[in-house]
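Observations on the model geometry
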Amino acid sequence: MVEDGPNRAKRLLGGKGWQMPKLKPGNKVPDFTLRDPEGKDFHLYENLGSMKTMLVFYRGDWCPICNVYLNNLQQWIAQFRDANTQLIALSTDSPTAALNMKQRLGLSFVIIPGLNKEMIEAYDLVYNEKFHYNEPAIFIIWPDGTVAFFAITSSSLGRPGVEDLLSIVSSI
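None of the values given here were measured: they were computed from a predicted structure. (Residues numbered from 1 in each chain as written. Predicted model: local features only at pLDDT ≥ 70, side-chain atom pairs only at ≥ 80, totals over all residues. Heavy atoms only, no water.)

On to the overall build of the chain. Along its length, the chain carries six helices and nine strands. Here the chain holds 172 residues, and the buried ones make up 48% of them. The long-range share in the chain, meaning contacts at least 24 apart out of those at least 6 apart in sequence, stands at 66%. (Helix = DSSP H or I, 4+ residues; strand = E, 2+ residues; numbered from the N terminus. Buried < 20%, exposed > 50% of the residue type's maximum accessible area, 1.4 Å probe, protein only. Contact = heavy atoms within 4.5 Å.)

Structure representation (structure tokens):
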């Protein structure tokens, strides 16, 4: 049986179906503290600074589409920096998996593993209960922690393209 988008989302969301997102442009994103792959505490609000921040939620090291997407972001990292935007990628990966992926792909941006269910719910991400991972999402946030743009997907496909994201961060 092939599921259409609303039925897939309803199943993945535990029967809740489509809902309006909790976070909208102008809302403050939830602060969080997680450990980076080296075991150091990473506090979101302490790392906002004067740049825009793009939070890139990905499924995990095991997802080939996510690997390609993160690698594409890395290829455009200089242009994102020129647009005054820092990248932070997050997943439910273990620290070891995140560090291995970062090294294998040669990623220069921050990778934060260990997303927990509380944080996934706070950011209103789609969570795959069966396999325990979040589906992809993008949040572009201002230095004050408010949402400028977001895109939440219910599968590995449908994320904004890297050039589209660059266009967005360059125009806001």
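The next thing to look at is the state of the cysteines. Using the criterion set out here, one finds zero disulfides in the structure. Residue C63 stays outside any disulfide, its sulfur separated by 3.0 Å from that of C66, the closest cysteine. (Disulfide = S-S within 2.5 Å.)

Where helix 6 (residues 162–171) is concerned, the buried positions are V162, L165, L166, I168 and V169. All buried residues of helix 6 lie within an arc of 160° about the axis, which places them on one face of the element. Set apart from the buried face of helix 6 by more than 90 degrees, the exposed residues are E163 and S171. If you follow the buried residues of helix 6, they end up packed against strand 3 (52–57), helix 2 (64–75), helix 3 (77–82), strand 4 (85–90), strand 8 (137–141) and strand 9 (147–152). (Arc of directions from axis to C-beta.)

In terms of burial, strand 3 is largely enclosed, as six of its six residues are buried. Where strand 3 and strand 4 come together, six bridges link them in parallel fashion. Looking across to strand 4, one finds that M54 is bridged to L87. (Pairing = 2+ DSSP bridges.)

The complete set of buried residues in helix 4 (residues 95–105) reads A97, A98, M101 and L105. All buried residues of helix 4 lie within an arc of 100° about the axis, which places them on one face of the element. Looking at helix 4, the residues exposed on the side facing more than 90 degrees away from the buried face are T96 and Q103. Packed against the buried residues of helix 4 are helix 2 and strand 5 (110–112). After helix 4 finishes, the residue G106 shows a positive phi value of roughly 65°.

It is worth spelling out the packing of helix 2 against helix 4 at this point. Two elements in contact, helix 2 and helix 4, have axes whose closest approach is 11 Å; the angle formed by their N-to-C orientations is 55°. Viewed along their axes, helix 2 and helix 4 adopt a mutual orientation that is oblique. The interaxial crossing formed by helix 2 with helix 4 has right-handed handedness. Residue-level contacts link N67, L70 and N71 of helix 2 to M101, R104 and L105 of helix 4. Here the contact of helix 2 with helix 4 is built from residues that sort into three nonpolar, two polar and one charged. (Axes fitted to C-alpha atoms, helices over the stretch in contact; angles between N-to-C directions. Parallel < 35°, antiparallel > 145°, perpendicular 65-115°, else oblique. Left-handed = near helix turned anticlockwise from the far one by under 90°. Nonpolar A, V, L, I, M, F, W, Y, C, P; charged D, E, K, R; others polar.)

Attention now goes to the nonpolar core. Core analysis: the biggest nonpolar cluster contains 26 residues, and M54, L70, L73, F80 and F109 have the highest contact counts within it. Elements that contribute at least two residues to this core include exactly strand 3, helix 2, helix 3, strand 4, helix 4, strand 8 and helix 6. Counting residues per element, this core draws most heavily on helix 6, at five residues. Judged by nonpolar contacts, the second largest core, of 22 residues, contains I112, L115, M119 and V147. (Core = buried A, V, L, I, M, F, W, Y, C linked by side-chain atoms within 4.5 Å.)

Here we have five strands laid out as an open sheet, ordered 5-4-3-8-9, and mixed in their pairing. Sheet topology places strand 5 and strand 9 at the edges, where each strand pairs with a single neighbour. Going from strand to strand, the sheet's axes swing by 15° on average, the running direction of each strand aside. Pairing of strand 8 with strand 9, which is carried by five bridges, proceeds in the antiparallel orientation. Looking across to strand 9, one finds that I141 is bridged to V147. Where helix 2 meets the sheet, its contacts fall on strand 3, strand 4 and strand 8, and the angle it forms with strand 3 comes to roughly 160°. Along the sheet face, helix 6 touches strand 3, strand 4, strand 8 and strand 9 and points at about 20° away from the line of strand 8.

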